[in-house]
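# Structural overview
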Amino acid sequence: LSIQNIDYAYRNGTRVFENSCFLAQPHEIVALVGPSGEGKTTMLRILLALLHPQSGQCLLYAGSTPDKPIPLTPAARKLFSYVPQGNTMFTGTIAENMRNVKPDATDEEIVDALKLACAWSFVEKLPETINSVIRERGGGFSEGQAQRLSIARALLRKSPVLFLDEATSALDVATERNVLRNIMQDNYPRTCIITSHRPTVLEMCSKVYGIRNLQCEELTKDEINKMINDF
């Protein structure tokens, strides 16, 4: 996933990015960090083709055809899975929620996705396991459990690109690290992009991009360590 030399400004003329670049590759977890209001959400919207930069290129390079990149358009959005911070579980069973993104998923595939998201540890203890009912707005589960179920559903879909937008905010540090470690070690060639206000997660990332002064720049190890130590 490549963003090359983009410029973006809102309609009122406020500039957000100037000549900014971003690169994320399969089997990488790449973080986007920066103060609120500096452009993290705008960058995610550009990556999802919800916003279009005034100049520069936004491209997705497929493994089988690296010489023919795919422009990031609304049509390319089907290659992405997006997990926001809020609860996105629907009324119904856990299995029904999982099959919303993959109707033909087997029980084994659902369990494997739950294990990747560190959700199987509590689902297997439920009387009906994956056939247990989720009430409206995730009722019956804690916020952290609902987040892990949402992540499991996104992993089940097996999209080439996964966005976790503050999607691990309710998890304790150890569980968050285990989820990210499982995603990185999974055999599926997935590119994972995360936003987080918790600097401790940055130790798990292949690259960290900081958004500041109209730029999206890869941070050095010293800059990352300073963020972690200052937390």
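Here's what I pulled together on the structure shown here.

The next point concerns the overall build of the chain. If you tally the helices and strands in the chain, you get 7 helices and 12 strands. Relative to its length of 231 residues, the chain is compact, with a C-alpha radius of gyration of 18 Å against a globular reference of 17 Å. Along the longest, intermediate and shortest principal axes, the C-alpha atoms of the chain span 55 × 40 × 35 Å. Counting every position in the chain, which comprises 231 residues, the buried fraction comes to 48%. Summed over all atoms, the accessible surface of the chain reaches about 11,600 Å², with 49% contributed by carbon and sulfur. Taking the 25 positively charged and 26 negatively charged side chains of the chain as two groups, their mean positions are separated by 3 Å.

A few words on the side chain of Arg-190. Examined against the element boundaries, Arg-190 turns out to sit in the loop between α6 (173-185) and β10 (191-195). Its relative accessible area of 3% is what places Arg-190 among the buried residues. One polar contact links Arg-190 to Asp-186, side chain to side chain, over a distance of 3.1 Å. Setting aside chain neighbours within four positions, we find Arg-190 in contact with Gln-25, Pro-26, His-27, Glu-28, Leu-155, Lys-158, Ser-159, Pro-160, Leu-162 and Ile-183.

Next up on the list: unusual backbone geometry. Backbone geometry places Asn-5, a non-glycine residue, at a positive phi of 55°. Inspection of the secondary structure puts Asn-5 in strand β1 (residues 2-9). Even without glycine at this site, Thr-129 takes up a positive phi of about 40°. Note on placement: Thr-129 falls in the loop between α4 (120-123) and β8 (133-134). The class for Thr-129 is partly exposed, based on a relative accessible area of 25%.

For Ala-31, the location among the structural elements is in strand β3 (residues 29-33). When its relative accessible area of 2% is taken as the criterion, Ala-31 is described as buried. Residues Ala-31 and Ile-228 lie 197 residues apart in sequence; the distance between their C-alpha atoms is 13 Å.

Next up on the list: the pattern of salt bridges. Counting across every chain of the model gives 9 salt bridges. Note that Glu-203 is salt-bridged to Arg-177, the shortest N-O span being 3.0 Å. Pair noted here: Glu-203 is in the loop between β10 and β11 (207-212) and Arg-177 is in helix α6, with a separation of 26 residues, a long-range link. For Arg-177, a relative accessible area of 24% translates into the label partly exposed. Overlapping salt bridges, with partners in common, bring together Arg-212, Glu-217 and Glu-223 in one network.

About the criteria used
- Residues numbered from 1 in each chain as written.
- Predicted model: local features only at pLDDT ≥ 70, side-chain atom pairs only at ≥ 80, totals over all residues.
- Heavy atoms only, no water.
- Helix = DSSP H or I, 4+ residues; strand = E, 2+ residues; numbered from the N terminus.
- Rg over C-alpha atoms; globule rule 2.2 N^0.38 Å.
- Buried < 20%, exposed > 50% of the residue type's maximum accessible area, 1.4 Å probe, protein only.
- Areas by Shrake-Rupley, 256 points an atom, 1.4 Å probe, with all protein chains shown as cover.
- Lys, Arg positive; Asp, Glu negative; His and termini not counted.
- Charge placed at Lys NZ, Arg CZ, Asp CG, Glu CD.
- Polar contact = N/O pair within 3.5 Å; in protein donor to acceptor, adjacent residues only side chain to side chain.
- Contact = heavy atoms within 4.5 Å.
- Salt bridge = Lys/Arg side-chain N within 4 Å of Asp/Glu carboxyl O.

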